[in-house]
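Structural characterization, general
Take a look at the letters that make up each chain.
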Amino acid sequence: MTLNNLSLYNDDFENKLKELRKRFRSRMNGKTTEQMENGQITYAENYGASLQHVKELASEISFSPEEYRKLWLTNIREAMLISAINFPDNLASAEEMMSWSKAITTADMAEQGSFFLFYRCNEINLFLHNLISEHSCYAMTIATFTAGRVLIKGKNLSDDTCRIIVESLQNAHHLTSSEARGASLFLRQLCDKGLLTEMAKKTADIFSSRPKPLFQQIAFEVYNELQMN
């Protein structure tokens, strides 16, 4: 089952979600919510709870896989984080993760979803290939953050997967701030792990020649990583 064939609401789920909202409110941080909204990070509901508090809640909560899928679709920041943290590894197929990725409406959740969930995909190379070919709104953010996270965790990515992502970055003439952070993370991890370092350096060379500050910042960070390794 994926998100596409869910029956979203029933009484039991509604009651659980109602109780969950109460727990979110008890950890609400209005200042954080306001700061995120001022940064154009908007959800249907955002309680501004810290990641530490969300993780604590996630450790206390046990829902079924179908209910975690439903939580992801609520567009409630904290509910989405809990579903990302708790969704079972064995169900995180490439098809499932593609479905989840398409439900994302903020760059913030593209990053957080990559950090907590997408890197655990049990068909990671297929998932990343599909993401890059999708050209959807947050595909590059998810692909780069996920690939970087996979490498940080010591998991294997094929050279072909890494090459496809690097080539996509080289061909990108505009990056959002979240895409730039993901690109920097991924390229620096390639250097740290000794994977495709010449391609990573070539990408830094390409970026350093571009006038936009985001590209030059990535190049600077990659050059620093290369010097340390």
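In case you missed it, the structure is sitting above this.
Here's what I pulled together on the structure shown here. Predicted model only: the values in this text are computed from it and were never measured.

**Description of the overall build of the protein chain**
Tallying secondary structure elements over the protein chain gives 13 helices and zero strands in all. Starting at the N terminus, the α and β elements of the protein chain follow one another as α-α-α-α-α-α-α-α-α-α-α-α-α. Principal-axis analysis of the C-alpha atoms places the extent of the protein chain at approximately 55 × 35 × 30 Å. Buried positions account for 49% of the 229 residues belonging to the protein chain.

**Overview of the packing of aromatic side chains**
Inspection of every chain in the model, using the stated rule, returns eight aromatic pairs. Ring geometry for Trp72 against Trp100: centres 4.9 Å apart, planes inclined by 35 degrees, an arrangement best described as tilted. Within this pair, whereas Trp72 is found in helix H4 (residues 65–73), its partner Trp100 is found in helix H6 (residues 94–102), the two being separated by 28 residues in sequence. Take Trp100: its relative accessible area is 0%, and that puts it in the buried class. An angle of 85 degrees between the planes, with centres 6.3 Å apart, marks the rings of Trp72 and Phe118 as edge-to-face. With Trp72 in helix H4 and Phe118 in the loop between helix H7 (107–116) and helix H8 (124–134), the pair connects residues that are 46 residues apart, well separated along the chain. Taken individually, Trp72 and Phe118 each receive the classification buried, so the pair is uniform in this respect.

**Some thoughts on the pattern of salt bridges**
Taken as a whole, this structure holds twelve salt bridges when the rule is applied. The closest approach of N and O atoms between Glu60 and Arg23, which form a salt bridge, is 2.3 Å. In this pair, Glu60 sits in helix H3 (residues 51–60) while Arg23 sits in helix H1 (residues 11–25), placing the two residues 37 residues apart along the sequence. For Glu60, a relative accessible area of 47% translates into the label partly exposed. Residue Asp205 is joined to Lys201 by a salt bridge in which the shortest nitrogen-to-oxygen separation is 3.2 Å.

**Regarding the side chain of Ser101**
Tracing the chain through its elements places Ser101 in helix H6. We classify Ser101 as buried; its relative accessible area is 7%.

**Some details on unusual backbone geometry**
Phi is positive for Asn75, close to 60 degrees, though the residue is something other than glycine. Within the element layout of this structure, Asn75 appears in the loop between H4 and helix H5 (77–86). Judged by relative accessible area, which is 19%, Asn75 ranks as buried. Residue Leu196 is not a glycine yet carries a positive backbone phi of 50 degrees.

Cut-offs applied
- Residues numbered from 1 in each chain as written.
- Predicted model: local features only at pLDDT ≥ 70, side-chain atom pairs only at ≥ 80, totals over all residues.
- Heavy atoms only, no water.
- Helix = DSSP H or I, 4+ residues; strand = E, 2+ residues; numbered from the N terminus.
- Buried < 20%, exposed > 50% of the residue type's maximum accessible area, 1.4 Å probe, protein only.
- Phe/Tyr/Trp six-rings, centres within 6.5 Å; stacked < 30°, edge-to-face > 60°.
- Salt bridge = Lys/Arg side-chain N within 4 Å of Asp/Glu carboxyl O.

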